[in-house]
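So the chains spell out like this:
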Amino acid sequence: MNSIAICPGSFDPITVGHIDIISRTAKMFSKVIVVVMINRNKSGGLFTPEERVDFIKRCTADIPNVEVEYHDGLLADYALQKGAVAIVKGLRVLSDYEDEFKQALTNKKLAKNIETIFMVTDTEYMFLSSSVVKEICSFGGDISDFVPKEIKQDIIDRIRER
């Protein structure tokens with residue numbers, strides 16, 4: 001059976017925790033579409049959506065069933081358009097669950113045949129977020145363990161520009 005899963009996120013920037021969720025999802029579905037979305041509750045991004053798409057493509061190039069796109073609209077509409085059977089969301093800590101659960105209920109109301117699957121992150125990434133990466137980097141800290149090597153220098157360069 002051909003099954004498509006959507007892994008949505010703002011990915012500003014993508015971290016090794018995101019890559020962990022994406023690669024595990026790719027083992028469960030025939031195709032995974034990683035979709036960069038804009039979180040309107042967060043103020044301006046460090047990277048443009050096009051840069052984020054490029055970063056994710058570079059970091060997932062070795063996972064053959066992963067595609068990367070950008071969408072500026074409702075996730076449920078996008079998932080329906082792509083023929084997805086699931087939306088996969090990574091959970092780090094309990095506080096992530098409440099917001100993700102509300103989003104899952106909303107998406108279920110908008111697209112009743114698409115399931116939301118919550119995937120618990122590996123314990124070594126529970127603290128990790130794009131915000132943490134940006135903060136560490138802005139103070140000159142080493143982000144090598146937090147982001148894929150393919151984009152580490154891009155992040156450092158952008159933080160230094162600011």
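Data block above holds the structure.
Residues numbered from 1 in each chain as written. Predicted model: local features only at pLDDT ≥ 70, side-chain atom pairs only at ≥ 80, totals over all residues. Heavy atoms only, no water.

Student: Got a minute to help me understand the overall build of the protein in this structure?
Tutor: Scanning the protein from N- to C-terminus turns up six helices and five strands. Reading the protein from its N terminus to its C terminus gives the helix and strand order β-α-β-α-β-α-β-α-β-α-α. Over its C-alpha trace the protein gives a radius of gyration of 15 Å, about what one expects of a compact globule, namely 15 Å for 162 residues. Expressed along its principal axes, the backbone C-alpha trace of the protein runs to roughly 45 × 30 × 30 Å. Burial statistics for the protein: of 162 residues in total, 46% are counted as buried. (Helix = DSSP H or I, 4+ residues; strand = E, 2+ residues; numbered from the N terminus. Rg over C-alpha atoms; globule rule 2.2 N^0.38 Å. Buried < 20%, exposed > 50% of the residue type's maximum accessible area, 1.4 Å probe, protein only.)

Student: Looking at this structure, how should I read the sheet that holds strand β3 (residues 66–70)?
Tutor: The strands making up a sheet associate through backbone hydrogen bonding, with each pair oriented either parallel or antiparallel. Strand order across the open sheet formed by five strands is β3-β2-β1-β4-β5, with parallel pairing between neighbours. Two strands lie at the open edges of the sheet, namely β3 and β5 (115–120), each paired on one side alone. Put simply, the sheet's adjacent strands are angled 30 degrees from each other on average, direction ignored. Where strand β2 (residues 31–36) meets β3, five bridges bridge the pair, whose relative direction is parallel. Note on β3: the bridge partner recorded for V32 is V66. Sitting on the sheet, helix α1 (residues 16–26) touches β1 (4–9), β2, β3, β4 (86–91) and β5, and the angle it makes with β5 is about 125 degrees. (Pairing = 2+ DSSP bridges. Axes fitted to C-alpha atoms, helices over the stretch in contact; angles between N-to-C directions. Contact = heavy atoms within 4.5 Å.)

Student: Whenever I open this one, the pairing of β4 confuses me. Can you help?
Tutor: The side chains of a regular strand alternate between the sheet's two faces. Of all six residues that make up β4, five are buried, and the element is covered over most of its length. Sheet topology note: the β1/β4 ladder contains two bridges and is parallel. Its bridge partner lying in β4, A5 is registered against A86. Two strands pair when backbone bridges link them, and β4 and β5 are joined in this way by six bridges, in the parallel orientation.

Student: Help me out: how do you make sense of helix α5 (residues 130–138) in this one?
Tutor: Each full turn of the α-helix corresponds to 3.6 residues, which orients residues three or four apart in the same direction. Every buried residue of α5 is listed here: S130, V133 and C137. Buried residues of α5 fall within an arc of 60 degrees about the axis and therefore sit on the same side. Phi turns positive, to about 80 degrees, at G140, one or two residues after α5. (Arc of directions from axis to C-beta.)

Student: Honestly, the pattern of salt bridges in this entry has me stumped. Any pointers?
Tutor: Oppositely charged side chains are able to pair whenever their charged atoms sit close together. Applying the stated criterion across every chain, the model contains 14 salt bridges. Ionic pairing is found between D20 and R24, a salt bridge with its closest N-O pair at 2.9 Å. Here the residue D20 and the residue R24 both occupy positions in helix α1, the gap between them amounting to four residues, near one helical turn. Of the residues examined, D20 reaches a relative accessible area of 14% and is grouped as buried. Look at R24 and you get partly exposed, because its relative accessible area is 26%. (Salt bridge = Lys/Arg side-chain N within 4 Å of Asp/Glu carboxyl O.)

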